[in-house]
Amino acid sequence: MVGYDPEAKCVSTAEAAAAGSASGLVTRVLVSPLDVLKIRFQLQIEQLSSRNPAAKYHGILQAVQRIFQEEGLTAFWKGHVPAQFLSIGFGAVQFMAFESLTELVHNVTSFNARDSFVHLVCGGLAACTATVAVQPVDTLRTRFAAQGEPKIYPNLRHAVVTMYQTEGPQTFYRGLTPTLVAIFPYAGLQFFFYNILQQFSKWVIPAEGKNGGNVKNLVCGSCAGVISKTLTYPLDVVKKRLQVGGFEHARVAFGQVRTYGGLLDCMRQIMREEGPGGFFKGLSPSLLKAAFSTGLIFFWYELFCGLLCALKSPESSRKKEG
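Computed from a predicted structure; not experimentally measured.

Peer 1: Help me get a handle on the overall build of the chain, residues and values and all.
Peer 2: Looking only at helices and strands, the chain has 10 helices and zero strands in total. In the chain, the succession of helices and strands from N to C terminus is α-α-α-α-α-α-α-α-α-α. Computed over the C-alpha atoms, the radius of gyration of the chain is 21 Å, within 12% of the 20 Å expected from 2.2 N^0.38 for a compact globule of 322 residues. Referenced to the eigenvectors of the C-alpha coordinate spread, the extents of the chain come out at roughly 65 × 40 × 40 Å.

Following this line, the structure appears as structure tokens:
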């Protein structure tokens with residue numbers, strides 16, 4: 001269902017956008033706590049270890065307990081409004097672009113739209129398109145998730161106005177370069193491995209055992225998310241560090257803060273002060289999030305597309321007429 005299929009085309013570009021939006025919305029509600037944990041870990045300069053007394057967060061369970069005690073349950077959904085805008089917008093643009101690109105490749109070139117390599121390239125390009133469209137919202141989401149108590153930004157409108165007036169419009173695109181560099185292989189590999197795993201499952205699972213298609217989509221999506229996230233994670237850390245540039249005053253309660261001059265300077269400082277392990281801070285909650293979010297994204301997208309196809313089927317039309 002994901003990507004253009006000349007033999008089973010039943011979802012239009014607009015319907016793909018609607019299904020992508022819906023899948024992003026539902027998934028975001030479920031994985032927001034893991035996203036907050038990941039961002040907190042990524043932004044911490046100190047080593048993530050109980051042996052370091054200056055470190056605010058040591059591990060997942062300790063971080064969950066500390067955030068809950070200090071900021072309450074709602075802290076795990078900090079930045080949820082801009083995050084929902086991000087998920088809905090990203091899901092719509094990404095899947096709409098992906099469906100259109102795979103169809104274009106199939107009609108204009110000699111490549112088959114169902115090839116894994118086509119999904120790799122088209123998935124990366126679709127994600128880049130969606131990233132440019134929603135990057136300002138991603139920056140807002142990161143700042144809301146990163147701030148402690150008392151809050152610097154009480155609401156979304158205040159954040160937009162304050163950032164624009166004090167830092168200029170370019171601040172909404174902080175971290176765009178590493179984001180684009182990271183998102184192309186990450187999203188491309190997601191679609192690539194999802195396609196491969198789907199094909200592999202058809203070969204492994206006998207015909208009589210293929211009724212659990214939704215579970216299969218969830219498992220294939222989760223595995224694809226874990227693999228692609230592990231391979232591209234360092235650039236995600238760099239992106240998050242750059243996105244909170246100029247926001248250092250809100251980070252003092254969490255430990256040390258740093259100012260970075262750009263992508264390369266950020267990478268040099270992380271390597272010099274934190275070592276190679278600094279590029280993988282927050283990997284555990286990030287992999288959990290990748291497994292859940294990618295699996296759920298593909299699960300809900302396939303489910304919503306299936307529902308749209310069912311509504312358009314002749315049987316459904318006859319029932320309505322009857």
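Peer 1: How would you sum up helix α2 (residues 60-71)? Please name residues and give values.
Peer 2: An α-helical turn contains 3.6 residues, so any two residues separated by three or four positions project in the same direction. Along its 12 residues, α2 runs 16 Å from first to last C-alpha, staying within 8% of the 16 Å computed at 1.5 Å per residue. Taken residue by residue, α2 has A63, I67 and E71 as its buried positions. Buried residues of α2 fall within an arc of 30 degrees about the axis and therefore sit on the same side. Seen from the open side of α2, the exposed residues pointing more than 90 degrees away from its buried face are L61 and Q69. On its buried side, α2 packs onto α1 (13-43). Residue G72 follows α2 closely and has a positive phi angle near 85 degrees.

Peer 1: Can you break down the UniProt feature "transmembrane region" (unreviewed entry) in the chain residue by residue, with the values?
Peer 2: On the UniProt side, "transmembrane region" (unreviewed entry) is annotated at positions that read residues 290-311 here. Between the C-alpha atoms that bound residues 290-311 there is a distance of 31 Å. The span itself is 100% helix and 0% strand.

Peer 1: Break down the UniProt feature "repeat: Solcar" (unreviewed entry) in the chain for me, citing the residues and quoting the values.
Peer 2: Mapped onto the present numbering, the UniProt feature "repeat: Solcar" (unreviewed entry) falls on residues 11-104, 114-200 and 212-307. Taken as a whole, residues 11-104 contains 72% helix and 0% strand, while its terminal C-alpha atoms sit 15 Å from one another.

Peer 1: For the nonpolar core, give the residues involved together with the corresponding values.
Peer 2: Residues V2, F95, F98, F191, Y194, F298 and Y301 are the most contacted members of the largest nonpolar core, which totals 22 residues. Among the elements of the structure, α1, α3 (80-108), α4 (116-146), α6 (176-204), α7 (213-243) and α9 (283-312) are those that each provide at least two residues to this core. Not counting the four nearest positions on each side in its chain, V2 is found in contact with F98, E99, R114, H119, F191, Y194, F298, Y301 and E302. Core analysis: the second largest hydrophobic core is formed by 11 residues, L86, A130, I183 and A290 among them.

Peer 1: Explain a nonpolar patch on the surface to me, using residue names and the numbers behind them.
Peer 2: Judged by side-chain polarity, L25, V29, L30, F68, L73 and W77 come together as a nonpolar surface patch covering roughly 560 Å² of accessible area. With three residues, α1 is the largest single contributor of residues to the nonpolar patch. Secondary-structure assignment places F68 in helix α2.

Peer 1: Could you give an account of the packing of aromatic side chains, with specific residues and numbers?
Peer 2: Evaluation of the coordinates by the stated rule reveals 14 aromatic pairs. Taking the centre distance of 5.8 Å and the plane angle of 25 degrees together, the rings of W300 and F304 count as stacked. Of the two residues, W300 and F304 both sit in helix α9, four residues apart, roughly one turn of that helix. Assessed through its relative accessible area of 21%, W300 is described here as partly exposed. Classification of F304 as partly exposed rests on a relative accessible area of 22%.

Peer 1: With reference to specific residues and values, describe the pattern of salt bridges.
Peer 2: This structure, assessed with the given rule, holds 16 salt bridges. Where E70 meets R66, a salt bridge forms, and the shortest distance between an N and an O atom there is 2.8 Å. Linking E70 with R66, this pair stays in helix α2, spanning four residues, or about one helical turn. One salt-bridge network, in which partners are shared between bridges, spans R28, D35, K38, D138, K229, D236, K239, K240 and K289.

Peer 1: Describe helix α5 (residues 156-167), and please don't skip the residues or the numbers.
Peer 2: Across its 12 residues, α5 extends 16 Å between first and last C-alpha, which sits within 8% of the 16 Å expected from 1.5 Å per residue. Here α5 has its buried residues at A159, M163 and E167. Each buried residue of α5 sits inside an arc of 20 degrees when the element is viewed along its axis, so together they form one side. Relative to its buried face, α5 has exposed residues pointing more than 90 degrees away, namely R157 and Q165. Structurally, α5 contributes buried residues whose contacts are with α4. Taking the backbone nitrogen of R157 as reference, a side-chain oxygen 3.3 Å away marks N155 as the first, capping residue of α5. The positive-phi residue at the C-terminal boundary of α5 is G168, with phi of around 90 degrees.

About the thresholds
Residues numbered from 1 in each chain as written. Predicted model: local features only at pLDDT ≥ 70, side-chain atom pairs only at ≥ 80, totals over all residues. Heavy atoms only, no water. Helix = DSSP H or I, 4+ residues; strand = E, 2+ residues; numbered from the N terminus. Rg over C-alpha atoms; globule rule 2.2 N^0.38 Å. Expected span 1.5 Å × (residues − 1). Buried < 20%, exposed > 50% of the residue type's maximum accessible area, 1.4 Å probe, protein only. Arc of directions from axis to C-beta. Contact = heavy atoms within 4.5 Å. UniProt positions renumbered as here; feature names shortened; annotations may be inferred. Core = buried A, V, L, I, M, F, W, Y, C linked by side-chain atoms within 4.5 Å. Patch = residues over 30% accessible without salt bridge, like charges linked within 9 Å, V, L, I, M, F, W, Y side chains within 5 Å. Areas by Shrake-Rupley, 256 points an atom, 1.4 Å probe, with all protein chains shown as cover. Salt bridge = Lys/Arg side-chain N within 4 Å of Asp/Glu carboxyl O. Phe/Tyr/Trp six-rings, centres within 6.5 Å; stacked < 30°, edge-to-face > 60°. Polar contact = N/O pair within 3.5 Å; in protein donor to acceptor, adjacent residues only side chain to side chain.

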